Amino acid sequence: MENIIVKLKESIAVFCECTGVPVTVYNPDGEIVLAFLSEKKFCSIFASPDGRLSKKCIDTLSFSSQFSTNLGEPYIFTCPSNFINIAVPIIIDNKHFASAVVGPLVMGNIDELVLAEVFSVHPNSQALLPKISLAISKLIVYNATHIQSLSTLLFNHLIGALKNWQDYEHLH
């Protein structure tokens with residue numbers, strides 16, 4: 001088990017270094033196992049002092065992680081704040097070991113509608129508007145092809161690093 005965590009850590013660190021996108025690895029219970037480039041996660045602005053996500057976020061993450069595991073491939077989804085995320089299943093010995101979640105990422109322009117959605121998920125965050133504005137100015141806008149490429153890249157990279165392609169084969 002420890003060997004798998006070491007391989008995951010090395011592989012995802014390289015992926016993040018090359019792409020500059022944040023990745024968080026969650027176990028099947030939704031607990032964070034590993035986190036990379038957390039400071040680049042837009043939603044980190046809204047994290048509670050104990051780092052917990054909102055119930056909407058937890059439910060979306062849980063559903064998307066399980067769905068990607070059932071598919072045996074990456075699943076691209078939008079979070080409650082309308083940002084793009086990619087759930088990549090990590091299956092070991094035909095069991096859901098963890099999920100690597102890439103994001104949040106931006107696709108398209110950030111306008112008033114996006115901000116309204118952010119504030120509907122985090123209604124008590126009006127005081128954070130200066131931090132939110134600064135964070136938005138630093139976000140990279142991706143196109144659909146780039147999002148798909150990121151999902152394929154991480155998925156193939158993890159399968160290659162863990163050398164467990166047969167765990168995914170039976171799901172297809």
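Engineer: Is there a simple way to think about the overall build of the protein chain in this case?
Structural biologist: Across its full length, the protein chain holds six helices and six strands. Order of helices (α) and strands (β) in the protein chain, N terminus to C terminus: α-β-β-α-β-β-β-α-α-β-α-α. Taking 2.2 N^0.38 as the reference for a compact globule, 172 residues should give roughly 16 Å; the C-alpha atoms of the protein chain span a radius of gyration of 16 Å, in line with that estimate. Referenced to the eigenvectors of the C-alpha coordinate spread, the extents of the protein chain come out at roughly 50 × 30 × 25 Å.

Engineer: For this particular structure, what's the right way to read the packing of aromatic side chains?
Structural biologist: Any aromatic ring pair is given by two values, namely how distant the centres are and how the planes are angled relative to each other. Considering all chains together, one arrives at three aromatic pairs under this definition. Arranged with centres 5.7 Å apart and planes meeting at 15°, the rings of F63 and F67 form a pair that is stacked. With F63 and F67 both in helix α2 (residues 55-71), this residue pair falls four residues apart, about one helical turn. Where Y75 meets F77, the ring centres are 6.1 Å apart and the plane angle is 10°; that geometry is what we call stacked.

Engineer: What is the right way to read the nonpolar core from this model?
Structural biologist: For soluble globular proteins, the rule of thumb is that nonpolar side chains tend to be buried together. Grouped together as the largest cluster of nonpolar side chains are 28 residues, with contacts concentrated most on L8, I12, I90, A100 and L105. Top contributing element to this core by residue count: helix α5 (residues 144-162), with seven residues. Residues I45, C79, F83 and V106 belong to the second largest nonpolar core, which totals twelve residues.

Engineer: Before we go on, may I ask you to explain the pattern of salt bridges in this structure?
Structural biologist: Taken as a whole, this structure holds one salt bridge when the rule is applied. Across the pair K55 and D59 runs a salt bridge whose closest N-O atoms are separated by 2.9 Å. Of this pair, K55 and D59 both sit in helix α2, four residues apart, which is roughly one turn of that helix. What makes D59 partly exposed here is its relative accessible area of 39%.

Engineer: What should I look at first to understand the side chain of H96 in this one?
Structural biologist: Structurally, H96 is set in strand β5 (residues 95-107). Setting aside anything within four residues of it in sequence, one finds H96 in contact with P28, S65, Q66, T69 and I90.

Engineer: Would you explain the environment of L37 in this entry?
Structural biologist: Tracing the backbone shows L37 in the loop between β2 (32-36) and α2. Each C-alpha atom, one on L37 and one on C16, is 7.3 Å from the other, the two residues being 21 residues apart in sequence. Every residue in contact with L37, bar those within four places of it in the chain, is listed here: C16, G20, V21 and P22.

Engineer: Explain the side chain of S11 here, please?
Structural biologist: Looking at the element boundaries, S11 is found in helix α1 (residues 2-19). What S11 contacts, discounting residues up to four positions off in sequence, is H157, L158 and A161.

Engineer: Got a minute to help me understand helix α3 (residues 112-121) in this structure?
Structural biologist: Every α-helical turn comprises 3.6 residues, leaving residues that sit three or four positions apart pointing alike. Within α3, the full set of buried residues consists of V114, V118, F119 and V121. Projected down its long axis, α3 carries its buried residues within an arc of 160°, all on one side. Turned more than 90 degrees away from the buried face of α3, the exposed residues are E112 and L113. In this structure, the buried residues of α3 make contact with α2 and α4 (129-138).

Engineer: Explain the environment of F119 here, please?
Structural biologist: Following the sequence through the fold, F119 ends up in helix α3. For F119, a relative accessible area of 14% corresponds to the buried category. Sequence separation between F119 and S81 is 38 residues, and the spatial gap between their C-alpha atoms is 8.1 Å. Beyond its immediate sequence surroundings of up to four residues, F119 is in contact with S125, Q126, L129 and I132.

Criteria and cut-off values
Residues numbered from 1 in each chain as written. Predicted model: local features only at pLDDT ≥ 70, side-chain atom pairs only at ≥ 80, totals over all residues. Heavy atoms only, no water. Helix = DSSP H or I, 4+ residues; strand = E, 2+ residues; numbered from the N terminus. Rg over C-alpha atoms; globule rule 2.2 N^0.38 Å. Phe/Tyr/Trp six-rings, centres within 6.5 Å; stacked < 30°, edge-to-face > 60°. Core = buried A, V, L, I, M, F, W, Y, C linked by side-chain atoms within 4.5 Å. Buried < 20%, exposed > 50% of the residue type's maximum accessible area, 1.4 Å probe, protein only. Salt bridge = Lys/Arg side-chain N within 4 Å of Asp/Glu carboxyl O. Contact = heavy atoms within 4.5 Å. Arc of directions from axis to C-beta.

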